[in-house]
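The primary structure of each chain is shown beneath.
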Amino acid sequence: MKGQCVCGATQFELALKNHAVNSCHCSICRRQTSGVIMTIEVEPGSLHFVEQEHLGIYDSSAWGERGFCKQCGTNLFWRSKDHSYTNINAFALNEQPQDLSLAMEIFIDNKPTFYAFEGQRKTMTEADIVAMFNPAP
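Fair warning: this is a prediction, and the values are worked out from it, not measured in the lab.

Visitor: Help me understand the overall build of the protein chain, please; the structure alone is not making it clear to me.
Guide: Counting its secondary structure elements, the protein chain contains 2 helices and 11 strands. Counting from the amino terminus, helix and strand elements in the protein chain follow one another as β-β-β-α-β-β-β-β-β-β-β-β-α. Rg of the C-alpha trace for the protein chain: 15 Å, near the compact-globule value of 14 Å for 137 residues, within the 12% margin. Along the longest, intermediate and shortest principal axes, the C-alpha atoms of the protein chain span 40 × 35 × 25 Å. In the protein chain, buried positions account for 42% of the 137 residues. Long-range pairs, those at least 24 residues apart, make up 54% of the contacts in the protein chain between residues at least 6 apart in sequence. Entry remark: accessible area of the protein chain is about 7,800 Å², with carbon and sulfur atoms responsible for 49%.

Pasting the structure below:
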């Protein structure tokens, strides 16, 4: 699949691991997007930037980093620092698969009370996510 930022200065190719959309309610995603971000997991090692002169990487935590376009500011991906896990902004894809479904909400305990998605799905708390990406020694 192919995708890009809003202005087209940062373009990429990748293989999706599945068609399950995850939404994140963490404070960083909410601040970046003025809401939630919708992402899809990427096959490890498949994210390749075709145009990357304006690609920026933000060191956002002890275990993760975020990619964005320095030209237009589009939030593109989150990945673990060891690059074993990457998710892509679902709406940065040039074409979304027809069978996408909202499968999980993470940082659910950080979600503001004034909005909610319909239906049932898996949820994970901040503690669940921290334990998954930053396990105790």
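More follows now that the structure is in view.
Visitor: Explanation requested: the pattern of salt bridges in the structure shown.
Guide: Think of it this way: side chains of opposite charge can pair up when their charged atoms draw near. One pass over the structure, following the stated rule, counts 4 salt bridges. Where K17 meets E41, a salt bridge forms, and the shortest distance between an N and an O atom there is 3.4 Å. Linking K17 in strand 3 (residues 16–24) with E41 in strand 4 (residues 37–42), this pair joins segments that are 24 residues apart in sequence. A relative accessible area of 17% places E41 in the buried class. A salt bridge links E65 to R79; the shortest N-O distance between them is 2.6 Å. Of the two residues, E65 sits in strand 7 (residues 64–69) while R79 sits in strand 8 (residues 75–80), which places them 14 residues apart along the sequence. Residues E65 and R79 agree in their burial class; the two are buried.

Visitor: Quick question: what am I supposed to make of the nonpolar core here?
Guide: In globular proteins that are soluble, nonpolar side chains generally tend to be buried together. The biggest cluster of nonpolar side chains holds 20 residues, and the ones touching the most others in it are F12, L14, L47, L76 and I88. Taken together, the elements giving at least two residues each to this core come down to strand 3, strand 4 and strand 8. Broken down by element, this core gets its largest block of residues, 3 residues, from strand 4. In contact with L14, not counting residues within four places along its chain, are M1, V42, S46, L47, I88 and L93. In terms of nonpolar packing, the next biggest core, distinct from the first, is built from 9 residues, C24, C29, I37 and M104 among them.

Visitor: Is there a simple way to explain the sheet that holds strand 1 (residues 2–4) in this structure?
Guide: Remark on secondary structure: sheet strands pair via backbone hydrogen bonds, oriented parallel or antiparallel. Taking strand neighbours across the sheet as the criterion, the 3 strands line up as 1-2-5 in an open arrangement whose pairing is antiparallel. Two strands lie at the open edges of the sheet, namely strand 1 and strand 5 (48–51), each paired on one side alone. Across the sheet, the mean angle separating the axes of adjacent strands is 30° when strand polarity is ignored. In this sheet, strand 2 (residues 11–13) lies alongside strand 1 in antiparallel orientation, the contact comprising 3 bridges. Across the sheet, residue K2 finds its bridge partner in strand 2, namely E13.

Visitor: Would you mind going over the pairing of strand 8 with me for this structure?
Guide: Note on strand geometry: in a regular strand, side chains alternate between the two faces of the sheet. Among the 6 residues in strand 8, 6 count as buried, and that is most of the element. Pairing analysis gives 5 bridges linking strand 7 to strand 8, with the strands arranged antiparallel. Opposite G67, over in strand 8, you have F77 as the bridge partner. What sits between the antiparallel neighbours strand 7 and strand 8 is a turn of 5 residues, in which G73 has the positive phi angle 90°. Alignment of strand 8 against strand 9 (residues 86–89), held across 3 bridges, turns out to be antiparallel. Residue R79 lies in a different strand from strand 9, and its bridge partner there is T86. Where strand 8 hands over to strand 9, the hairpin turn is made up of 5 residues, of which H83 adopts a positive phi near 65°.

Procedures and definitions
- The numbering scheme is per chain: residues are counted from 1 as the chain's sequence reads.
- Per-residue local features of the predicted model are confined to residues with pLDDT of at least 70, and side-chain atom pairs are confined, for both listing and counting, to 80 or more; whole-chain, interface and lining totals are unaffected and use all residues.
- Side-chain metrics rest on all non-hydrogen atoms present in the structure, leaving aside hydrogens and water.
- Working definition: helices are DSSP H or I runs of at least four residues, strands are E runs of at least two. Numbering for both runs from the N terminus.
- The globule rule used here is 2.2 Å times the number of residues to the 0.38 power, and the radius of gyration it is set against is calculated over C-alpha atoms.
- Buried, partly exposed and exposed residues are distinguished by accessible area as a fraction of the type maximum, computed with a 1.4 Å probe on protein chains only: under 20%, between the cut-offs, and over 50%, respectively.
- Between two residues, a contact is recorded if the distance between any of their heavy atoms is within 4.5 Å.
- In short, Shrake-Rupley with a 1.4 Å probe defines the accessible areas, and a residue's cover is counted only from the protein chains shown.
- Only one rule defines a salt bridge in this text: a Lys or Arg side-chain nitrogen within 4 Å of an Asp or Glu carboxyl oxygen.
- The nonpolar core is taken to be a set of buried Ala, Val, Leu, Ile, Met, Phe, Trp, Tyr and Cys residues, with the residues joined through side-chain atoms within 4.5 Å.
- In this analysis, strands are considered paired if DSSP registers two or more bridges between them.
- Where helices are involved, their axes are fitted lines through C-alpha atoms of the stretch in contact, as for all axes, and angles between N-to-C directions lie from 0 to 180°.

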